[in-house]
Amino acid sequence: MKGPRIRALGSIAALWIASGCLLATPVRAASAQGNLAPGTVLSRENWQLAEGLLPPEILQHYREGHYQNPIIDWPEGVYRWDPQFVAATESNRGRYTISPEGTILEVATGKQPPFIYGLPFPQIDPAKDSNAAIKILWNFNYQYWNEGSSHNLVRLVWVRPKGVDREAIQDVYFQYYDGQDPDYQLPNPNNFSMQFVSVATSPADLHGTASLTWRYRDPNKRDSNWAYVPALRRVRAVSPANRSDGFLGSDMSQDDGPFFDGKPEDFTWSFVKEAETLRIVDPESFQGRPERYWLPEGGWRTVWANDKVVGFQFPDWRGIAWAPVRAALAKRKVWVIEGVPKDRYYLYGRIELYIDKETYQGAWNRKFGWNGEHINTLQVVAYQRDKNRRPTDGKEEYQWSSHFSFQCAENVKLNRATVAGLVPAGKDIPNDRRVRFAASFFDSATLNRFGK
């Protein structure tokens, strides 16, 4: 089997992972401190084994029986990158530096490059480099942007400890201009980093509420944001300063995005530490590729046949409602970096990011108030990637091998959460990557059209 090995899960745990059924009791309680071997199920029976390996608020969930997940093996060196991405990363060695504002510049010219492909900083040494933290963040961005522009229909669910308060269906579109496979690179006369549209399709009181964002690569140019509110029947410009506020009143902000979607130059970054952590992963992505097909207009659609992911979707689940029941945990080495907003009106005074050292996928995003109080933790699921062959030209490319998505913004102060990424009921739900949109799609006329 390619990729990491999921060792000795035991018959009950293996059935749980394969079918999405619940696990009422641990498969095996490890007997010695630190014995988190693959196949162990971390639970209230053995939570002490994860001390120092999880953020305290997440460890508390295991201690109190809120979470329960098996451990899988994810050794280094088996993550599947696009060969051309690896080659581009290597060619970037020593090519780029960081400006005082935090922008990537070419060493040779001292100017911002018009386009970057591959990880811009293949080698980072925090002990010798005062810019290590923001270089790590830029690597996170470029590995994620490489997955391509996307279209997803997803559920945004407001959750209390024992159930759901409400939910909305969001039709979401991202177009990325930087970091793309050259086959997918777009003309970029406006020097965009990305464009974004989100439209609420339900419930009735939110239907037609839409937002549009343009993000620029220029470090001195703020995001352009617009919103369409059905009650006003018009598009209005809104301040980019409110990207830290809860999206539609939820506990998830626009700056959360896939893990962290703030503009790097809007923060002052510092390196905290290198650490080993347990992180949430999609175990099925290491077992086999999901169903996926090529769209007529280009790009890949992934089909998720099983929509059950979190606690409230399982009638017999006895933990907390937003628990990632279907997920597993894997031990990974991470960079921990810290960002302080330059805007004093930003909702959070400090953001702490855990980013995988090998894959640069995000793990934990912890937010603190200006007084230092811990407020919110964003939890996201990691994945493996698999090979696909484009039917148009036969070229091989890699896509994330996800079988589900899990993003959970937990308001630790108010004991509630917002879960995103769950698919709505129905057939052929958009779950698309490396798609193309007309540049005119991301304008105010689109908001008016969706809002009617």
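Because the structure is a prediction, the values reported are computed rather than measured. (Residues numbered from 1 in each chain as written. Predicted model: local features only at pLDDT ≥ 70, side-chain atom pairs only at ≥ 80, totals over all residues. Heavy atoms only, no water.)

Digging into the pairing of strand β15 (residues 350–356)
For clarity, the threshold we go by: Relative accessibility decides the category of a residue: with a 1.4 Å probe and only protein chains considered, values under 20% of the type maximum give buried, values over 50% give exposed, and everything between is partly exposed. To qualify as a helix, a DSSP run of H or I must reach at least 4 residues; to qualify as a strand, a run of E must reach at least 2; elements of each kind are numbered from the N terminus. Two strands are counted as paired when DSSP detects at least two bridges linking them.
Burial analysis of β15 places 6 of its 7 residues in the buried class, which makes it a mostly covered element. Pairing geometry for strand β14 (residues 328–341) and β15, over 6 bridges, is antiparallel. Opposite Val334, over in β15, you have Asp356 as the bridge partner. Two strands pair when backbone bridges link them, and β15 and strand β16 (residues 362–368) are joined in this way by 6 bridges, in the antiparallel orientation. Its bridge partner lying in β16, Tyr354 is registered against Trp364.

A look at the side chain of Arg243
Put simply, the rule is: We define a polar contact as two N or O atoms separated by no more than 3.5 Å, with the added condition that, inside protein, one atom must be a possible hydrogen donor and the other a possible acceptor, whereas residues neighbouring each other in sequence contribute only through side-chain atom pairs. Note on contacts: a residue pair is in contact if any heavy atoms of the two residues lie within 4.5 Å.
Along the chain, the position of Arg243 falls in the loop between β10 (234–238) and β11 (267–281). A residue is classified by how much of its surface remains accessible, and Arg243, at 4% relative accessible area, is buried. Separated by 2.7 Å, the side chains of Arg243 and Asp255 make a polar contact. With residues up to four places along the chain from it excluded, the contact list for Arg243 reads Thr213, Arg215, Asp223, Asn225, Ser253, Gln254, Asp255 and Asp261.

Concerning the confidence of the model for the protein
Short version of the rule: Confidence of the predictor in every single residue is expressed as pLDDT, which spans 0 to 100.
Taken over all residues, the pLDDT of the protein has a mean of 90, while the share at 70 or more is 92%. Under a pLDDT of 50 for its full length, residues 1–33 has, in the predicted model, 82 contacts with residues more than four places off or in other chains.

Overview of the layout of surface pockets
Definition in use: Lining residues are defined by having an atom within 4 Å of a point belonging to a cavity or pocket. Those points lie on a 1 Å grid over the protein atoms alone, cavities being sets where a 1.4 Å probe fits but cannot get out and pockets being open sets with protein on both sides within 12 Å along at least five of seven lines. Grid points are joined across faces, edges and corners, and a volume is the space filled by probe spheres set on the points.
Considered as a void within the structure, the largest pocket measures approximately 300 Å³ in volume. In terms of residues, the lining of the largest pocket owes the most to one element, strand β9 (residues 224–229), which gives 5 residues.

Notes on empty space enclosed by the protein
Scanning all chains against the criterion turns up 4 cavities of 30 Å³ or more. Space inside the largest cavity adds up to approximately 870 Å³. Along its surface, the largest cavity is lined by 48 residues, and Tyr144, Phe174, Gly257, Pro258 and Gln407 are the ones closest to its centre. Of all the secondary-structure elements, those providing two or more residues to the lining of the largest cavity are α4 (132–145), β5 (150–160), β6 (163–176), β7 (192–202), β13 (300–303), β19 (396–400), β21 (416–422) and β22 (431–433). If you add up the space inside the second largest cavity, you get close to 200 Å³.

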